[in-house]
Amino acid sequence: MNDSTLAENLLPYDGIALYIPNFIEQHEASILYDILLDSIEWQRDIVKMFGKTHILNRKMAWYGDSDKKYSYSGISRSPISWTPELIKIKLLCESFCIHSFNSCLLNYYQDGIQGMGWHADNEKELGNNPIIASVSLGAVRTFRCKHRISHDTIDIALEPGSLLIMKGSMQHHWVHTLPISKKVKDARINCTFRTIIE
């Protein structure tokens, strides 16, 4: 498999979500996980909810081209320069997606108690129908999508080394979450490659 046209769309309508297991070979995925865990400049995620600022347990990092700032949940981030490992993963994603990415939001979940609530990646900096490539490393976690109107849900088990591509009108019609799971004891890193529009 060498392009996203060969992957099956997991959404029944109103958007595209392509899942590619073993996008990165397991041994290499394990090595990348260890390197990113040690080399990325992790910081506590900060969000604004109901006018108040909250520091979350989940850690994150924003990497990318020097001029690609990103704002979400009322917080603006300036990018850290690419690492060799992130460039390597980015080039793999670009080759597969036939699309250029200029930034990457990384999340580190220490265990299944840490997750992410319902949201859509619909910030204005990403454009109207963004293409987002998410690479998973570490523990297997469930990724859940829910349609805004029908409330149909789709669960995807994100395995280490897998790639999830979200594109088309998905961010308009679906929200997604990484649910908390007390059964998950191991940590996970995900690298979500994005294109910030001028």
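Residues numbered from 1 in each chain as written. Predicted model: local features only at pLDDT ≥ 70, side-chain atom pairs only at ≥ 80, totals over all residues. Heavy atoms only, no water.

With that settled, the discussion passes to the state of the cysteines. Summed over the entire model, instances satisfying the criterion amount to 0 disulfides. Cys93 supplies the cysteine sulfur nearest to Cys97, a cysteine that is in no disulfide, at a spacing of 5.9 Å. In this structure Cys191 is not part of a disulfide, and its nearest cysteine sulfur, from Cys104, lies 4.9 Å away. (Disulfide = S-S within 2.5 Å.)

Another point: the pattern of salt bridges. Tallied over the entire structure, the rule returns 5 salt bridges. Between Lys90 and Glu94 there is a salt bridge whose closest N-O contact spans 3.0 Å. Here Lys90 and its partner Glu94 are both found in helix H2 (residues 84-97), 4 residues apart, which amounts to about one turn of the helix. The residue Arg144 makes a salt bridge to Asp155 at a minimum N-O spacing of 2.7 Å. One end of the pair, Arg144, is in strand E9 (residues 141-147); the other, Asp155, is in strand E10 (residues 153-158), and 11 residues separate them in sequence. With relative accessibility at 28%, the residue Arg144 sits in the partly exposed group. (Salt bridge = Lys/Arg side-chain N within 4 Å of Asp/Glu carboxyl O. Helix = DSSP H or I, 4+ residues; strand = E, 2+ residues; numbered from the N terminus. Buried < 20%, exposed > 50% of the residue type's maximum accessible area, 1.4 Å probe, protein only.)

It is worth spelling out the pairing of strand E1 (residues 16-20) at this point. With 4 of 5 residues buried, E1 lies mostly within the body of the structure. Of the pairings in the sheet, the one linking E1 to strand E11 (residues 163-167) comprises 5 bridges and is antiparallel in character. By the bridge assignment for E11, Ile20 is matched with Leu163. (Pairing = 2+ DSSP bridges.)

At 3.6 residues per turn, the α-helix brings residues three or four places apart onto the same side. Between the first and last C-alpha of helix H1 (residues 26-39) there are 20 Å, a value that for 14 residues agrees with the 20 Å anticipated at 1.5 Å per step. Within the span of H1, buried status applies to Ala29, Leu32, Tyr33 and Leu36. What you see down the axis of H1 is that its buried residues fit within an arc of 110°, all on one side. Residues of H1 that are exposed and point more than 90 degrees away from the buried face comprise His27 and Asp38. (Expected span 1.5 Å × (residues − 1). Arc of directions from axis to C-beta.)

Counting 33 residues, the largest nonpolar core has Leu86, Cys93, Leu106, Leu163 and Phe193 as the members making the most contacts within it. Elements that contribute at least two residues to this core include exactly E1, H1, strand E3 (52-64), H2, strand E6 (103-109), strand E8 (132-138), E11 and strand E13 (188-194). Sort the elements by how many residues they give to this core and H2 lands first, with 5 residues. Excluding residues within four positions of it along the chain, Leu86 makes contact with Leu36, Ile40, Tyr63, Cys104, Leu106, Cys191 and Phe193. (Core = buried A, V, L, I, M, F, W, Y, C linked by side-chain atoms within 4.5 Å. Contact = heavy atoms within 4.5 Å.)

Take the side chain of Asn190 next. Position of Asn190 relative to the elements: it lies in strand E13. Apart from the residues within four sequence positions on either side, Asn190 is in contact with Leu105, Leu106, Asn107, Tyr109, Ser134, Val135 and Ser136.

Read from one edge to the other, the open sheet built from 4 strands follows the order E7-E12-E9-E10, with strand pairing classed as antiparallel. The strands lining the two open edges of the sheet, one partner per strand, are strand E7 (116-119) and E10. Across the sheet, the mean angle from the axis of one strand to that of its neighbour is 15°, orientation sign disregarded. (Axes fitted to C-alpha atoms, helices over the stretch in contact; angles between N-to-C directions.)

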